[in-house]
Structures are given as C-alpha cells and as structure tokens.
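# Architecture at a glance
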Amino acid sequence: SQNLGAGCSGPGMNAGPKSVLLKELEVPRLGHSDVHVKMLAAPINPADINMIQGTYAILAPLPAVAGNEGVGRVLEVGPGVTALRRGDWVIPADAGLGTWRTQAVFPEASLLQVPSDIPLLCAATLSVNPCTAYRMLSDFESLAPGDSVIQNAANSGVGQAVIQIAKATGVRTINVVRDRPDLPKLVERLKALGADHVITEDVLRKPEMKEIFKSIPKPRLALNCVGGKSTTEMLRHLQPKGTMVTYGGMAKQPVTVPVSAFIFRDVRLRGFWMTQWKKDHAHDKESLTSMMDALCQLVRRGQLGAPACTTVPLEDFREALVASMQPFTSSKQVLLL
C-alpha cells in the first residue's frame, strides 16, 4: 500500500511538502474486527496542513499517515465485523484516521458506511465540512424558513455547504468573501449554489447593508472562520441576543468584540469544532447516523454537492499540497488513490 505521511514535523515548521513523503508499506493482517479498505479519494483540508505543521489541536505520533477525510471501498472484513460487507463505501468516523493512502486495515469502529450511489467527490468530502455546516446551522439558534444567517469565508468548503443546506431549509444567507480579481465569477458560482447575497468585506461597513435588510431580516446567527476586523464588522449586523459561532481563524487574528455589543445587544460568542462534537456524542451513535442520513438525502436530492474540487493523482501530491496553501483558493485539492 502507498502511504502519504509526515515524517518529521514540529510546531512552527513550514508544512512544506518536504516533511511529507510517499512510502510503500505492508498492509497489516486482518484482525477479528478489522476491515481491509481500498481508499478511493481523499481531500486536502486546512486541518490536514495544520496537523503536518504541528499546529493543530490533535497531532498523531510521528511518523504518521496524513489525511482526516476521504472515502474507501471495503475489500474484505474480519469474522467479527457485523455492519460492513465487501463492496460497501466507508468514510472515517473521526479525525486522525490517516486517509492519504491506497489501502489500509482499519478497526470497524473507526468507519462509517455511506451509500455508494452518491457521487465519489461528495462521499470523499462529507465527513468534515458538510457536517460542520449542518451542526452549526442546527445547534446554536433555532432557525425557521425566512430567517437569515451571515457568514464569512463563504467560498470555503464549509461556506459552500452552509449555503446549500440553508437554501434547502428555506434560510437566507448573506455571504462575505474577500475582494479578489475574479470576484464576479465567484459571486455567480455562490449564487448558483443558492446564496441570497454575496458581498465583500468592505461592504459590511457601507450603507448597502441597509438595502439588504429591507428584504430579509437581520441574522440571528453569524458563522466566523476568519477573525480580525472582518469578524468585528460582521458582528455589527447580528440581531440582539444573536449568536456568533467561530469555527476557524484564517486571518490568524483574534476576535475583537466591542463592549457595547455585549452590554446593549447581549450577543453570544460560541466556538465549534467537529472533532469535539464527535467526542461528546461518542455514545450517541443515533445523532451521528441521523446527521449523515440527512446529508446523504440532500446529496441524493441534488440539494448538496461537493465543493469545487481539483482531482490530483497521488503521485502529484506535492503540487496538490502547494496548491491547497495558495491564497484565494476556491477549489479543494482531492487526491485520487
């Protein structure tokens, strides 16, 4: 089996593709409750890069196989395996599985079955971004059709999933993106996914916002993946007693909140990390399977697609890693295994 992993990275080290090597390893023998999986496709997410850099909240002991997300096909199961059979499609039940490899033997408990009739790229990108979007839209405010949500980094994987899931449930979205050379193209793409409004960060400070709120209510929920000034500006448009959920910090700047927002508008600031949610619900398999079922239903109905993806053969992983770290990337690099 070919495995893509980090050999010698430490905190602060540049996640140069240099610390990632492609290695041939023996596939271990199949244990009683193990599943032999042929990996099919695995994306490169920001968290994967952070793990390689040694800056993420969970780090595997090195050397380790990288990749937290992906989809594989079951080749063989151990005699104690109850829920999976040959030919099933599986995705990681949790982070840290090490998906950037051609084949592997995993414990059955570390895998979730997904329907094999959904598109490959949807399955490969299902367990991180769409789950994060789904939980943030469900768990912090009870949103009804006609309500609105505001989010920054709207062109990210999570942002694209938020737009589609909100649209499917009748919730309107105000989507903030950084200004860029190909802005009209990006606006068009997000609107095609179902975005109601797409604006740049500087519009948050302009009278145009008043126009937007003539046709839709002010948001009760804000989703922040950036930090810094853009987040402070976004917070100004939240309804009193509204909630802002932070799930990323792409600007690498703190979230700054005016005291008046707390005192006079009683805004709530919360955080979300999918890995923690899964830990907290480890004994509640039902909540995980019902979320996966809901997401797969949206995929089947054509209401949730994969984010914009660029597929790359495993041997070109260095180019894919470099591409995934470029500014203004609107396409997720996916390794074909």
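Everything numeric in this text was worked out from a predicted model, so none of it was measured.

## Structural notes on the overall build of the protein chain
Summing up its helical and strand segments, the protein chain has 11 helices and 16 strands in all. What you see for the protein chain is a C-alpha radius of gyration of 20 Å, in line with the 20 Å of a compact globule of 337 residues. The principal-axis extents of the C-alpha atoms in the protein chain amount to approximately 65 × 40 × 35 Å. With the model as given, the accessible surface of the protein chain reaches about 15500 Å², and the carbon-plus-sulfur share is 55%. Of note, the protein chain has its 36 positive side-chain charges centred 5 Å away from the centre of its 30 negative side-chain charges.

## Quick word on the packing of helix α4 (residues 157-168) against helix α5 (residues 183-193)
Orientation of α4 relative to α5, taken along the N-to-C sense of each, is 40°, at an axis distance of 8 Å. Taken together, the axes of α4 and α5 are oblique relative to one another. Judged by residue contacts, Q160, I163 and Q164 of α4 engage R189, L190 and L193 from α5. Grouping the amino acids of the contact of α4 with α5 by side-chain chemistry returns 3 nonpolar, 2 polar and 1 charged.

## Describing the packing of aromatic side chains
Taken as a whole, this structure holds 2 aromatic pairs when the rule is applied. Both rings, one in Y56 and one in W273, keep their centres 5.9 Å apart while their planes meet at 75°; by these two values the pair is edge-to-face. Placement of the pair is Y56 in the loop between α1 (46-53) and β4 (64-65) and W273 in the loop between β14 (268-271) and α9 (274-280), with a sequence separation of 217 residues. For the ring pair F140 and F272, a centre distance of 6.3 Å and an interplane angle of 90° mean the geometry is edge-to-face. With a gap of 132 residues between them, F140 in the loop between α3 (129-139) and β9 (148-151) and F272 in the loop between β14 and α9 connect regions that are remote in the sequence. Of the residues examined, F140 reaches a relative accessible area of 16% and is grouped as buried.

## A closer look at the nonpolar core
V71, M136, I165 and L223 are the most contacted members of the largest nonpolar core, which totals 44 residues. Here this core takes 7 residues from helix α10 (residues 285-300), the largest share from any one element. Summarising the domain contributions, this core has at least three residues from each of domain 1 (4-125 + 306-336) and domain 2 (129-275). Contacts of M136, omitting those with residues within four sequence positions, involve V158, L221, L223, V245, Y247 and F272.

## Details of the domain arrangement of the protein chain
Interface size is commonly expressed as the accessible surface area that is lost when the partners come together. The assigned domain composition of the protein chain is domain 1 (4-125 + 306-336) and domain 2 (129-275). Each of domain 1 and domain 2 was reduced to a C-alpha centroid, and the two centroids are 29 Å apart. It is P307, F328 and S330 in domain 1 that bury the most area against domain 2; as a group they hold 44% of the surface buried on that side. Across the domain 1-domain 2 interface, the total number found is 0 salt bridges. The interface formed by domain 1 and domain 2 contains 3 residue pairs in polar contact (both at pLDDT 80 or more).

## Things to note about the pattern of salt bridges
With the rule as written, the count across this model stands at 11 salt bridges. Between R300 and D117 there is a salt bridge, and its shortest N-O distance comes to 3.2 Å. With a gap of 183 residues between them, R300 in helix α10 and D117 in the loop between β8 (111-114) and α2 (120-124) connect regions that are remote in the sequence. Look at R300 and you get partly exposed, because its relative accessible area is 43%. Residue classification places D117 among the exposed positions, given a relative accessible area of 53%.

## Concerning the side chain of N175
Looking at where N175 falls in the secondary structure, it is placed in strand β10 (residues 172-177). Classification of N175 by relative accessible area gives buried; the value is 0%. Only 2.8 Å separates the side chain of N175 from the side chain of Q151, close enough to count as a polar contact. Apart from residues no more than four positions distant in its own chain, N175 is found in contact with Q151, A154, I163, A195, D196, H197, V198 and I199.

## Regarding unusual backbone geometry
Here the amide bond leading from L62 into P63 is cis, since omega sits at -5°, within 30 degrees of zero. With respect to the helices and strands, P63 occurs in the loop between α1 and β4. Phi at K252 takes a positive value of approximately 55°, unusual for a residue other than glycine. Positive phi, normally seen in glycine, also occurs at D266, with a value near 50°. Of note, D266 is situated in the loop between α8 (259-263) and β14.

## Some details on the sheet that holds strand β13 (residues 243-246)
Two modes of strand pairing occur in sheets, parallel and antiparallel, and in both the strands are linked by backbone hydrogen bonds. Here we have 6 strands laid out as an open sheet, ordered β11-β10-β9-β12-β13-β14, and parallel in their pairing. The open sheet is flanked by β11 (197-200) and β14, the only strands paired with a single partner. Taken over all neighbouring pairs, the strand axes of this sheet differ in orientation by 20° on average, direction set aside. When β13 meets β14, the two strands line up parallel, connected through 4 bridges. Bridging across to β14, M244 finds its partner in L269. Packed onto the sheet, α4 meets β9, β10 and β12 (221-224) and runs at close to 165° relative to β10.

Thresholds, definitions, all that
- Residues numbered from 1 in each chain as written.
- Predicted model: local features only at pLDDT ≥ 70, side-chain atom pairs only at ≥ 80, totals over all residues.
- Heavy atoms only, no water.
- Helix = DSSP H or I, 4+ residues; strand = E, 2+ residues; numbered from the N terminus.
- Rg over C-alpha atoms; globule rule 2.2 N^0.38 Å.
- Areas by Shrake-Rupley, 256 points an atom, 1.4 Å probe, with all protein chains shown as cover.
- Lys, Arg positive; Asp, Glu negative; His and termini not counted.
- Charge placed at Lys NZ, Arg CZ, Asp CG, Glu CD.
- Axes fitted to C-alpha atoms, helices over the stretch in contact; angles between N-to-C directions.
- Parallel < 35°, antiparallel > 145°, perpendicular 65-115°, else oblique.
- Contact = heavy atoms within 4.5 Å.
- Nonpolar A, V, L, I, M, F, W, Y, C, P; charged D, E, K, R; others polar.
- Phe/Tyr/Trp six-rings, centres within 6.5 Å; stacked < 30°, edge-to-face > 60°.
- Buried < 20%, exposed > 50% of the residue type's maximum accessible area, 1.4 Å probe, protein only.
- Core = buried A, V, L, I, M, F, W, Y, C linked by side-chain atoms within 4.5 Å.
- Domains from an automatic or database assignment.
- Buried area = accessible area lost by both parts, 1.4 Å probe.
- Salt bridge = Lys/Arg side-chain N within 4 Å of Asp/Glu carboxyl O.
- Polar contact = N/O pair within 3.5 Å; in protein donor to acceptor, adjacent residues only side chain to side chain.
- Pairing = 2+ DSSP bridges.

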